[in-house]
Amino acid sequence: MTRTLVLSATHAGLSQAADLLRQGALVAMPTETVYGLAGDARSDMAVARIFAAKNRPRFNPLIVHLASLGQVRAIAHLTPLAERLARAFWPGPLTLVLPLAAGAGLSPLVTAGLDTVAIRLPAHPVARALLTRFGGPVAAPSANPSGRISPVTVAHVLAGLDGRIDAIVDGGDCPVGLESTILDATGTVPRLLREGGLPREAIEAVTGESLVTDPAPADRIAAPGQLPSHYAPRGAVRLEVRKPDPDEIWIGFGAACPGTNNLTLSETADLTEAAARLFHLLHRADALAGDGGRIAVAPIPDIGLGRAINDRLRRAAAPR
Ligand code: TXA
Ligand code: MG
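Worth saying up front: this structure is predicted, and the values here are computed from it rather than measured.

Counting secondary structure elements, the protein contains 10 helices and 14 strands. In terms of overall dimensions, the protein is globule-like: its C-alpha atoms have a radius of gyration of 19 Å, near the 20 Å expected for 320 residues. Taking the principal axes of the C-alpha coordinates as reference, the protein spans close to 60 × 50 × 35 Å. Across the 320 residues that make up the protein, the buried fraction comes to 57%. Contacts in the protein between residues far apart in sequence, at least 24 positions, make up 69% of those at least 6 positions apart. About 12,900 Å² of surface is accessible on the protein, with carbon and sulfur atoms providing 54% of the total. For the protein, the separation between the mean place of its 31 positive charges and that of its 29 negative charges on side chains is 2 Å.

What follows deals with the sheet that holds strand β14 (residues 294-297). Sheet architecture is open: three strands sit in the order β12-β14-β13, paired in parallel fashion. In the strand order of this sheet, the two ends are held by β12 (236-238) and β13 (248-251), each with one partner. Going from strand to strand, the sheet's axes swing by 25° on average, the running direction of each strand aside. Taken together, the three bridges between β12 and β14 define a ladder with parallel strand orientation. Bridged to A236 within β14 is R294. Those strands touched by helix α9 (residues 271-289) are β13 and β14, and its axis lies near 170° from that of β13.

With that settled, consider the pattern of salt bridges. Once their charged atoms are close, side chains differing in charge can pair, the charge on each being opposite to the other. Under the criterion given, the structure shown has 18 salt bridges. Among the charged side chains, a salt-bridge network with shared partners connects R238, D245, D247, E248 and R294.

Here we take up the side chain of R312. Its place among the elements puts R312 in helix α10 (residues 305-317). On the basis of relative accessible area, R312 is assigned to the buried category, the value being 0%. Apart from the residues lying within four places of it in its own chain, the contact partners of R312 are L178, E179, R194, E195, G196, Y231, L278 and F279.

Right, let's get into the sheet that holds strand β7 (residues 138-139). Across the sheet, which stays open at both edges, the 11 strands sit in the order β1-β8-β2-β3-β7-β4-β6-β5-β9-β10-β11 with mixed pairing between neighbours. Whereas interior strands pair on both sides, the edge strands pair on one side only; in this sheet they are β1 (5-8) and β11 (212-213). In terms of strand pairing, strand β5 (residues 94-99) meets strand β6 (residues 116-120) through four bridges, oriented antiparallel. Bridge pairing in β6 links V97 to A118.

Domain assignment breaks the protein into domain 1 (5-213) and domain 2 (236-317). Taken over C-alpha atoms, the centre of domain 1 sits 26 Å from the centre of domain 2. Domain 1 puts 21 residues into the contact, and the matching count from domain 2 is 15 residues. Of the roughly 1,500 Å² buried between domain 1 and domain 2, counting both surfaces, carbon and sulfur atoms make up 62%. Among the residues domain 1 hides against domain 2, the three largest losses belong to I149, L178 and E195. Together they make up 39% of the total. Here domain 1 is connected to domain 2 by three salt bridges. Note that R148 and D286 form a salt bridge whose closest N and O atoms lie 3.2 Å from each other. Taken together, domain 1 and domain 2 are joined by six residue pairs in polar contact (both at pLDDT 80 or more). Here the side of domain 1 that touches domain 2 is composed, by residue class, of eight nonpolar, six polar and seven charged.

So, about helix α4 (residues 80-89). Every buried residue belonging to α4 is among L81, A82, L85, A86 and F89, and all of these are buried. Axial view of α4: buried residues confined to an arc of 130°, hence all on one face. Those residues of α4 that are exposed and aimed more than 90 degrees away from the buried face are P80 and R87. On its buried side, α4 packs onto α3 (69-75), β5, β9 (181-184) and α8 (200-207).

What follows is about α9. Of all bends in α9, the biggest is about 45°, found at R277. Positive backbone phi, approximately 70°, marks G290, located one or two places after α9.

Conventions and cut-offs
- Residues numbered from 1 in each chain as written.
- Chains lettered and ligands numbered in written order.
- Predicted model: local features only at pLDDT ≥ 70, side-chain atom pairs only at ≥ 80, totals over all residues.
- Heavy atoms only, no water.
- Helix = DSSP H or I, 4+ residues; strand = E, 2+ residues; numbered from the N terminus.
- Rg over C-alpha atoms; globule rule 2.2 N^0.38 Å.
- Buried < 20%, exposed > 50% of the residue type's maximum accessible area, 1.4 Å probe, protein only.
- Contact = heavy atoms within 4.5 Å.
- Areas by Shrake-Rupley, 256 points an atom, 1.4 Å probe, with all protein chains shown as cover.
- Lys, Arg positive; Asp, Glu negative; His and termini not counted.
- Charge placed at Lys NZ, Arg CZ, Asp CG, Glu CD.
- Pairing = 2+ DSSP bridges.
- Axes fitted to C-alpha atoms, helices over the stretch in contact; angles between N-to-C directions.
- Salt bridge = Lys/Arg side-chain N within 4 Å of Asp/Glu carboxyl O.
- Domains from an automatic or database assignment.
- Buried area = accessible area lost by both parts, 1.4 Å probe.
- Polar contact = N/O pair within 3.5 Å; in protein donor to acceptor, adjacent residues only side chain to side chain.
- Nonpolar A, V, L, I, M, F, W, Y, C, P; charged D, E, K, R; others polar.
- Arc of directions from axis to C-beta.
- Bend = angle between axes of the 7 residues up to and from the residue.

Below, the structure is given as structure tokens:
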């Protein structure tokens, strides 16, 4: 593969993208959370190419993206709990792990051989249009090389994967800016597997119970996003910094911690704005600091979307 086609989100561009997916090719698509690297979830070759393009060290299970609840029923068992959560939050930044249906027809690489499957109905109009045209299940991890910062613009995707994937559909910036929240909904009580773009408080308001965080026993297959080091810039990252060292690139939050180089997650300490800007600013700080540089990040309150932001920052700062 030599170059990656940049397609516009027009009828012609989306038709071409859907045709490429039918041929087993890889197409990066915008979602409301981050750009996903899409491939036909029924094709072993397409799914294997996803792992190869990302240089993923292990065959971790992938999220299956669909356009409608009818499609979900063909692939997974919608538990009563899942029905409630789907009604409240789909389409949107929520992924549900559900029992895999018999005859689902997915490549076993998508589920890593598990008897469960992670499913999401994205809300982004371009993702929905592409999924509707394609008409089948699409596996899509974030469209970045494994371990690196997730992409929220076309430029981020190309910086990491140009020449390694067939095409990208240009949908502008991703509005939420953080990956989906993942819940295990196989039982009667949801278990939180990954903090993300849907805040825990919103889920608790629907279930009426405080959310159980999965203890993630060692025998479960861990998500790359659950690895200690992930979402990492090249330079070292230091957290909860109110006063940076002179050589540090400082990412700020709120008026008291303004950041350097205009790198402020939110001047007004708005967590939704901070989530949407997080990966933008990590990419920019990464470019400014370079190899061996140092990045400092202001404290972020651990409520609402702040929990997912802090989760990503802890992994960006973890020893590699
Ligand atoms: O926002 C998002 O979720 C983005 C966009 C593109 O939709 N996708 C994304 O995919 O973040 P990825 O591959 O980076 O994360 C997939 C996560 C992994 O952490 C994996 O462990 C979990 O989903 N997962 C997938 N199948 C699972 C299963 N059967 N049981 C438990 N976890 C599962
Ligand atoms: Mg990822």
